[in-house]
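Geometric and topological summary
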Amino acid sequence: VGFYEDLTAWENLLYIARLNGLRGSQAERRIREALNEVGLEEVAHRQVKTFSKGMKQRLGIAEMLLKAPEFAILDEPTSGIDPEGAHQILEMIQRMNRERGLTILLSSHLLHQVQKICHRVGIISRGRLVAEGTLDELRSRTMAEGAFLFELKVRSPSEDLIRVLEGVKGVLSVQREGDTFKVKASEDVRSQLARKVIEGGMELLELRGRDYTLEEVYLRYFQEG
């Protein structure tokens with residue numbers, strides 16, 4: 001984000017407005033609306049050199065809104081910003097999409113943020129787009145490739161429960177953490193797992209499939225190259 005540091009936020013946006021053919025009351029109205037939308041109306045007449053990085057990022061978004069685009073590319077918009085500032089920018093991005101109908105292409109390595117706000121995801125590995133779709137579609141595709149994950153919580157599990165669960169057809173591995181057992185399988189084996197626990201005279205407290213996070217989906221594609 002590049003602005004003239006010795007100019008105020010308003011002066012920077014007025015200059016940009018003129019470069020884009022906006023004059024007079026139309027320019028002033030657009031600037032006022034843009035600053036209000038990003039929460040900078042109260043500091044509109046402060047020099048940009050006094051702004052934090054998060055404030056400069058928001059001013060960059062105001063510059064974008066000034067031009068009334070239909071499509072915008074945001075490259076690492078929360079990079080180097082504190083958690084509260086990042087949260088505010090993510091909320092702005094969602095609001096612009098929801099209220100303005102603005103299509104936004106977000107480039108980011110902060111995958112938890114991508115997972116939180118993006119409707120569709122593209123994964124690039126070694127310069128190639130290797131996967132694209134909604135997060136649910138990418139999860140389903142990953143699971144279909146042999147990686148169903150389940151978690152069982154059992155009251156007072158027997159010592160040989162790991163061996164019993166490993167014997168279920170389709171189970172690839174079993175890990176125990178206290179009373180919780182994490183099962184990786186090549187297919188949906190929930191009914192078989194529950195049956196083994198009950199047949200062993202134990203109480204099944206919880207059985208659920210664990211969704212892949214976007215980071216786990218990404219690492220799968222990245223590792224496969």
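Structure's up top.
The following paragraphs examine the structure supplied in this document. (Residues numbered from 1 in each chain as written. Predicted model: local features only at pLDDT ≥ 70, side-chain atom pairs only at ≥ 80, totals over all residues. Heavy atoms only, no water.)

1. Focus: the overall build of the protein chain
Where we set the bar: The secondary structure listing takes helices from DSSP runs of H or I that are at least 4 residues long and strands from runs of E that are at least 2 residues long, numbered from the N terminus. Restricting the calculation to C-alpha atoms gives the radius of gyration, and the globule rule supplies 2.2 Å times the number of residues raised to the power 0.38. For the exposure calls, accessible area comes from a 1.4 Å probe over protein chains only, and a residue counts as buried if that area is under 20% of its type's maximum, exposed if over 50%, partly exposed in between. Residues are treated as being in contact if the distance between any of their heavy atoms lies within 4.5 Å. All accessible-area figures derive from a Shrake-Rupley calculation using a 1.4 Å probe, and residue coverage is judged against the displayed protein chains alone. Under the counting rule used here, the positive set is Lys and Arg, the negative set is Asp and Glu, and His together with the chain ends is not counted. In plain terms, the charge of a residue is placed at NZ if it is Lys, CZ if Arg, CG if Asp and CD if Glu.
The helix and strand inventory of the protein chain stands at 9 helices and 8 strands. Compactness check: the protein chain gives a C-alpha radius of gyration of 25 Å against a globular reference of 17 Å for 225 residues, more than 25% above the reference. The C-alpha extent of the protein chain, read off along each of the three principal axes, is 80 × 35 × 30 Å. Each of the 225 residues in the protein chain was classed as buried or not, and the buried ones make up 39%. Residue pairs in contact within the protein chain that sit at least 24 positions apart in sequence constitute 64% of those at least 6 positions apart. Here the protein chain has roughly 13100 Å² of accessible surface; of this, 46% comes from carbon and sulfur atoms. Charged side chains in the protein chain number 33 positive and 35 negative. The centres of these two groups are separated by 2 Å.

2. Observations regarding the pattern of salt bridges
Cut-off, in case you're wondering: Salt bridges are defined as contacts in which a side-chain nitrogen from Lys or Arg sits within 4 Å of a carboxyl oxygen from Asp or Glu.
Inspection of every chain in the model, using the stated rule, returns 12 salt bridges. A salt bridge links Arg155 to Glu203; the shortest N-O distance between them is 2.8 Å. Separated by 48 residues along the polypeptide, Arg155 in strand 5 (residues 148-155) and Glu203 in strand 8 (residues 203-209) bring together distant segments of the chain. For Arg155, a relative accessible area of 44% puts it in the partly exposed group. Residue Glu206 pairs with Arg208 through a salt bridge whose shortest N-O separation is 2.9 Å. Relative accessible area serves as the criterion here: at 36%, Glu206 is assigned to the partly exposed category. Residues joined by salt bridges that share partners form a network here, namely Glu151, Glu206 and Arg208.

3. Side note on the nonpolar core
Across soluble globular proteins, you tend to see nonpolar side chains buried next to one another. Stated formally: Only buried Ala, Val, Leu, Ile, Met, Phe, Trp, Tyr and Cys residues count toward a nonpolar core, and they belong to the same one when joined by side-chain atoms within 4.5 Å.
Counting residues in hydrophobic clusters, the biggest one holds 47 residues, and the most contacted among them are Leu13, Leu35, Leu40, Leu59, Ile61 and Met64. Considering each element in turn, this core owes the most residues, 7 residues, to helix 3 (residues 53-66). When near neighbours in sequence (up to four residues on either side) are disregarded, Leu59 contacts Phe3, Ala9, Leu13, Leu35, Leu40, Val48 and Phe51. In this structure, Leu152, Val174, Val197 and Met202 belong to the second largest nonpolar core, which totals 16 residues.

4. Describing the environment of Asp179
If you trace the backbone, Asp179 turns up in the loop between strand 6 (171-177) and strand 7 (180-185). Judged by its relative accessible area of 37%, Asp179 is partly exposed. Sequence-distant contacts of Asp179, defined by excluding residues within four places in its chain, comprise Leu152, Lys153, Val154, Ser156 and Pro157.

5. As for the layout of surface pockets
Rules: Throughout, the protein atoms alone are placed on a 1 Å grid, and a set of points is a cavity if a 1.4 Å probe fits but cannot get out or a pocket if it is open with protein on both sides within 12 Å along at least five of seven lines; lining residues have an atom within 4 Å of a point. Grid points are joined across faces, edges and corners, and a volume is the space filled by probe spheres set on the points.
There is about 760 Å³ of room inside the largest pocket. As for the largest pocket, its lining consists of 25 residues, and the residues nearest its centre are Leu105, Leu106, Val114, Cys118 and Arg120. Where the lining of the largest pocket is concerned, the elements lending two or more residues are helix 4 (83-100), strand 2 (103-107), helix 5 (111-117), strand 3 (121-125) and helix 9 (214-224). No other element matches the 5 residues that strand 2 contributes to the lining of the largest pocket.

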